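The primary structure of each chain is shown beneath.
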Amino acid sequence: MKKRTLKKDKQQSSGPILRGRYTALRNGGGGFVTPLDAQGRVCGEDIFIPAYASGGAWHQDIVSVQCAAGRRRPGMRQEGRIAGIEARGLTEIPAHMARRRGGWLECVPADGRLNFCLRVPVPEGEEMPHTGDLLVIAPEHALDEGLWLGRLVAHMGREDDVRVQEELVKCNHETPREFPPRVLAEAEALPGEPGPEDWRDREDLRDAVLVTIDGEDARDFDDAVEVTPEAGGWLLRVAIADVSHYVRPRSGLDDEARERGNSWYFPTSVEPMLPFALSNGLCSLVPGRPRLAMLAEVHFDRQGRPGATRFAPVVIRSAARLTYTQVKACVLGRDADARAALAAAERGDEVLRMLDDARALFELLRQARLERGSLDFDVPEPAYEVDGEGRLLSVRCRERHDAHRMIEEFMIAANEAVARWLGRCRLAADGRILPPAAARHDGHFPQSLREESAPFLYRVHPLPDAERLESLFDTLRATALEAAPSAGTAADAGGLRTALLRARGTEQEFLVNRLCLRAMPQARYQTRNEGHFGLASQAYCHFTSPIRRYADLTVHRVLKNALGMDTGPLPAGQRLERVADGLNRRERAAMDAEREMARRMACLALRGREGEVFHGVISGLMEFGLFVELADMPVEGMIRVEDLGPDWYEYDARRQTLSAVHGGGFWRLGQALDVRLLEVRPGRLEIRLVPAAAGEEGGRLPRRRGRSRGPARRETPHGKRAASRERTPRGSLRDEAKRARRAERKAARALRGRRDGGGR
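Residues numbered from 1 in each chain as written. Predicted model: local features only at pLDDT ≥ 70, side-chain atom pairs only at ≥ 80, totals over all residues. Heavy atoms only, no water.

Topic: the overall build of the protein
Stage number 1. In terms of regular secondary structure, the protein is built from 17 helices and 35 strands.
Stage number 2. By residue count, 52% of the 760 residues in the protein fall in the buried class.
Stage number 3. Carbon together with sulfur atoms contributes 48% to the accessible area of the protein, which is approximately 35300 Å² in total. (Helix = DSSP H or I, 4+ residues; strand = E, 2+ residues; numbered from the N terminus. Buried < 20%, exposed > 50% of the residue type's maximum accessible area, 1.4 Å probe, protein only. Areas by Shrake-Rupley, 256 points an atom, 1.4 Å probe, with all protein chains shown as cover.)

This is how it looks when you write it as structure tokens:
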């Protein structure tokens with residue numbers, strides 16, 4: 001593609017031209033370009049591209065971007081325009097079959113970030129796809145603006161099949177799939193079981209009462225725990241699968257694990273970070289089988305304060321594979337039948353006594369953590385029931401109780417202990433990691449290196465800026481939520497915790513949790529310790545899940561090096577910074593895939609239920625409508641402004657309210673209301689709701705009068721007066737897509753700048 005030549009006066013008023021990858025927003029709302037260097041590494045902050053300046057670029061394209069000149073306003077991103085498309089990022093596109101016209105199939109990309117239509121010849125000699133089926137299409141060339149000729153590559157199947165939806169999300173987010181042959185060959189070359197030669201120089205803990213506690217459907221067990229009472233306190237043992245014994249640096253297994261970053265979880269499948277031979281076999285702490293592990297021992301006093309710590313390579317044999325439900329019945333509910341069933345198993349009496357001790361320590365640790373200012377977010381997670389044919393049967397909130405919290409508390413304690421200990425280690429001139437006792441000896445390395453810390457990745461959750469916290473508290477007060485902080489409450493962790501506690505058990509609990517989460521900066525991996533604000537921890541890292549997180553694997557290697565074990569070369573300096581950057585990006589990609597999957601499952605759950613009435617709570621407001629979270633399932637839909645009634649509406653961003661100018665209604669954040677399901681559009685991930693009182697005779701409300709007549713003017717998000725337009729008649733598929741993009745472009749503009757907000 002020829003590069004565009006800019007006029008001389010345009011060059012003088014424009015910024016530099018950069019190369020990067022384009023990430024589009026949904027429904028034609030523009031996007032962002034992530035600058036890349038010659039090696040394909042991220043080398044700068046994202047550049048915002050308005051919709052009118054996208055230059056025909058698709059999501060994931062490699063583009064050249066012309067940055068806008070001039071000084072940026074505080075808090076705003078650099079803007080630019082696409083100057084050229086260097087390479088298409090997508091060669092095959094999943095799409096919905098919309099209709100058949102003559103000898104052609106007209107299709108719409110399933111990814112809302114691709115704003116064009118596709119036309120493919122009707123397949124000959126193959127099963128004819130049905131309307132709504134998902135196809136894989138290879139675009140060939142443009143037929144017209146917004147219309148491409150394509151070639152049918154594959155017929156994925158029914159849109160209501162959860163497995164098909166999973167495949168679609170995996171395609172949209174470039175989820176890693178099959179392992180390369182080299183990686184599989186390395187995994188197959190490993191032994192099926194660890195032998196005595198692997199146990200050499202390891203502490204033998206096969207007789208310890210170490211147990212795994214996971215969900216019913218878990219297969220990769222990477223942590224086992226044991227709690228023992230002792231004079232003056234408790235001893236917590238956390239044994240973590242020693243993945244680093246088998247996955248060596250710079251091997252094919254290591255390269256692939258680093259590229260994947262983490263395991264990717266879906267309702268009916270998982271794309272693991274490691275081949276199943278390791279994740280579900282050799283490294284998994286299955287009961288009754290010897291396994292290699294890294295041990296973290298932490299002593300606690302009677303107030304739950306940590307004391308001496310010890311780390312060691314060990315060999316263990318899990319005494320039991322327990323589930324959260326089983327622990328809840330035996331320990332929390334004291335169910336006689338459940339306790340008798342567990343006691344009847346091998347070593348069952350020992351396991352029961354240990355679990356009772358574990359609960360006592362858990363309550364101490366939890367109370368101590370809350371008292372130091374830790375935040376306790378409890379946002380409901382969805383759980384899905386799927387039948388054998390891939391149809392979604394139900395969506396519900398996943399149960400979360402103290403059995404889950406107990407394991408979380410023990411994992412937090414182990415992660416903090418490792419971070420504290422490694423933070424006191426130092427890097428010697430010869431590349432060795434010196435433990436704290438050795439690092440205090442002046443003779444071990446030159447004075448100039450005495451302050452150089454051990455190179456490992458902290459898990460950092462930065463302190464939110466005061467302005468953002470003040471804005472959150474102002475919103476909570478203005479919306480009159482029950483959990484709103486009182487006037488004069490300090491905008492800090494204590495004030496946040498008070499709001500979360502006051503909301504617990506109320507109808508608005510999930511809303512307050514989400515508002516607080518959105519005010520938080522994103523947690524990330526980095527080499528500098530800035531503490532973990534959410535946990536009120538001065539030092540924190542990820543150590544307890546090396547089967548499914550690469551960051552944990554890197555921490556294991558540093559810990560083993562400090563213990564004098566051979567780990568191979570360790571990344572440091574800029575190399576370790578690049579590893580951290582890659583892991584942060586892969587984590588965000590996995591989270592994006594998880595969110596899209598949840599949205600698709602919500603659409604499947606509500607298909608065929610149009611016209612039903614649901615109870616919900618307003619979870620968000622914008623000038624274009626209301627977001628409503630349903631009470632019976634973790635599903636969010638939207639009421640458009642035009643569906644609220646024939647009136648004009650004013651949006652108050654500070655008070656988070658939407659009110660009718662002529663007194664036709666008033667809505668505020670956290671308000672409970674009944675809604676009627678009007679329409680579900682899985683292709684656009686759209687769930688359209690209306691107030692329950694509306695649409696009794698067929699579902700659709702009358703048009704707002706201002707759309708076609710009267711003083712049809714109102715404020716836009718940019719403060720200008722916009723004239724209303726007549727609705728145009730329904731036309732071709734391409735015209736329909738253009739109208740939808742035009743109608744929803746305001747939403748994308750309003751959401752600009754929130755792309756990186758919130759997170760844990």
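Moving on from the model shown.
A look at the sheet that holds strand 10 (residues 147-157)
Within a sheet, adjacent strands bond to each other through the backbone by hydrogen bonds, running parallel or antiparallel.
Stage number 1. Taken together, the 5 strands give a closed barrel; going around it, the order is 6-7-8-10-9, and neighbouring strands pair in mixed fashion. Put simply, the sheet's adjacent strands are angled 45° from each other on average, direction ignored.
Stage number 2. Bridge count for strand 7 (residues 104-109) against strand 8 (residues 117-121) is 4 bridges, and the pairing is antiparallel. The residue of strand 8 that forms the bridge with E106 is R119.
Stage number 3. Each of strand 6 (93-101), strand 9 (134-144) and strand 10 is contacted by helix 2 (residues 162-172), which is oriented at about 135° to strand 10, the strand it contacts most. (Pairing = 2+ DSSP bridges. Axes fitted to C-alpha atoms, helices over the stretch in contact; angles between N-to-C directions. Contact = heavy atoms within 4.5 Å.)

A few points about the pattern of salt bridges
Stage number 1. Overall, the coordinates contain 53 salt bridges when judged by the stated rule.
Stage number 2. Where E256 meets R260, a salt bridge forms, and the shortest distance between an N and an O atom there is 2.8 Å. Of the two residues, E256 and R260 both sit in helix 5 (residues 252-260), 4 residues apart, roughly one turn of that helix.
Stage number 3. Judged by its relative accessible area of 14%, E256 is buried.
Stage number 4. Notably, a salt bridge pairs R347 with E350, separated by 3.1 Å at the nearest N-O pair.
Stage number 5. On the accessibility criterion, R347 (24% relative accessible area) is partly exposed. (Salt bridge = Lys/Arg side-chain N within 4 Å of Asp/Glu carboxyl O.)

Remarks on the packing of aromatic side chains
Stage number 1. Tallying each qualifying case throughout the model produces 7 aromatic pairs.
Stage number 2. Aromatic pair F32 and F48: ring centres 5.4 Å apart, planes at 65°, arrangement edge-to-face. With F32 in strand 2 (residues 31-35) and F48 in strand 3 (residues 47-49), the pair connects residues that are 16 residues apart, well separated along the chain. As far as the burial class goes, F32 and F48 line up, both buried.
Stage number 3. An aromatic cluster is built from W58, F116 and W148, whose rings are joined through pairwise contacts.
Stage number 4. Sitting above the plane of the F266 ring, K170 keeps its charged end 5.0 Å from the centroid.
Stage number 5. Across the ring face of F179, the terminal group of R260 is positioned such that the distance to the ring centre comes to 3.7 Å. (Phe/Tyr/Trp six-rings, centres within 6.5 Å; stacked < 30°, edge-to-face > 60°. Lys NZ or Arg CZ within 6 Å of the ring centre and 35° of its normal.)

Points about helix 14 (residues 509-519)
Stage number 1. Judged by how many residues are buried, helix 14 sits mostly within the fold: 9 of 11 residues are covered.
Stage number 2. E509, F510, L511, V512, N513, L515, C516, L517 and A519 are the residues of helix 14 that are buried.

Examining unusual backbone geometry
Stage number 1. Even without a glycine there, the phi angle at E174 is positive, about 50°.
Stage number 2. With respect to the helices and strands, E174 occurs in the loop between helix 2 and helix 3 (181-189).
Stage number 3. For E174, a relative accessible area of 41% corresponds to the partly exposed category.
Stage number 4. We note that A536 has phi near 55°; this positive angle belongs to a residue other than glycine.
Stage number 5. Within the secondary structure, A536 is located in the loop between strand 25 (524-526) and helix 15 (550-562).

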